[in-house]
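A structural walkthrough
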Amino acid sequence: MGVQLEARFDSEGKANLALEQLRQSGMIFELLELKPVRSRWREAGENENRAINAVFPQVPEGCSATFPSGMPFEHMCARAYMASNSLADAGSRSDSDIQLRINVTERSLGKAEKIIRSAKGYGIRIVR
């Protein structure tokens, strides 16, 4: 196996549907990860919400600095956002998003991507 294919789904049901369709296609693949996106950042003892001022001590006027809670401090800088008068999280679509990561052969890549897209997968990323 040579290529990793990553995708997100709105629900666990859609991710499982994609997996079932991949299995039924007869394609050989290895399931590497199937879990909620938010759980990737949560580790034991790291669910406390840190002060945004530690990252952005001076927020420009008319803007607000936000970040998703439940992330370790080390990852906060990569996910801190500046939004004009908006506190909406610009990250994943919802808390129920599911991350699917599979390993496929180069030859099966196109077929696997087509199946994932038909099952409403988005944010597809190919890692060679």
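Quick note: structure is the one above.
What counts and what doesn't
- Residues numbered from 1 in each chain as written.
- Predicted model: local features only at pLDDT ≥ 70, side-chain atom pairs only at ≥ 80, totals over all residues.
- Heavy atoms only, no water.
- Helix = DSSP H or I, 4+ residues; strand = E, 2+ residues; numbered from the N terminus.
- Core = buried A, V, L, I, M, F, W, Y, C linked by side-chain atoms within 4.5 Å.
- Buried < 20%, exposed > 50% of the residue type's maximum accessible area, 1.4 Å probe, protein only.
- Contact = heavy atoms within 4.5 Å.
- Pairing = 2+ DSSP bridges.
- Axes fitted to C-alpha atoms, helices over the stretch in contact; angles between N-to-C directions.

1. With respect to the environment of Leu34
Examined against the element boundaries, Leu34 turns out to sit in strand E2 (residues 29–36). Considered as a pair, Leu34 and Ala7 are 27 residues apart in the sequence and their alpha carbons are 9.8 Å apart.

2. Notes on the nonpolar core
In this structure, Phe9, Leu22, Ile102, Val104, Ala112 and Ile116 are the most contacted members of the largest nonpolar core, which totals 19 residues. Listed by contribution, the elements that provide at least two residues to this core are strand E1 (3–9), helix H1 (12–24), strand E5 (98–104) and helix H3 (109–118). If we skip the residues at most four places from it in the chain, Phe9 touches Lys14, Ala15, Ala18, Ser96, Asp97, Ile98, Leu100, Ile116, Ala119, Lys120, Gly121 and Tyr122.

3. Focus: the sheet that holds strand E6 (residues 122–127)
Here four strands make up an open sheet; going across it, the order is E2-E5-E1-E6 and the pairing antiparallel. One side of each edge strand has no neighbouring strand; the edge strands of this open sheet are E2 and E6. Across the sheet, the mean angle separating the axes of adjacent strands is 15° when strand polarity is ignored. The pairing of E1 with E6 spans four bridges and is antiparallel. Following the sheet pairing, Glu6 is matched in E6 by Arg125. Packing of H1 onto the sheet brings it into contact with E1, E2 and E5, and relative to E2 it is tilted by some 175°. Across the sheet, H3 touches E1, E5 and E6, and the angle it forms with E1 is around 5°.

Keep in mind these numbers describe shape, not what the thing actually does.
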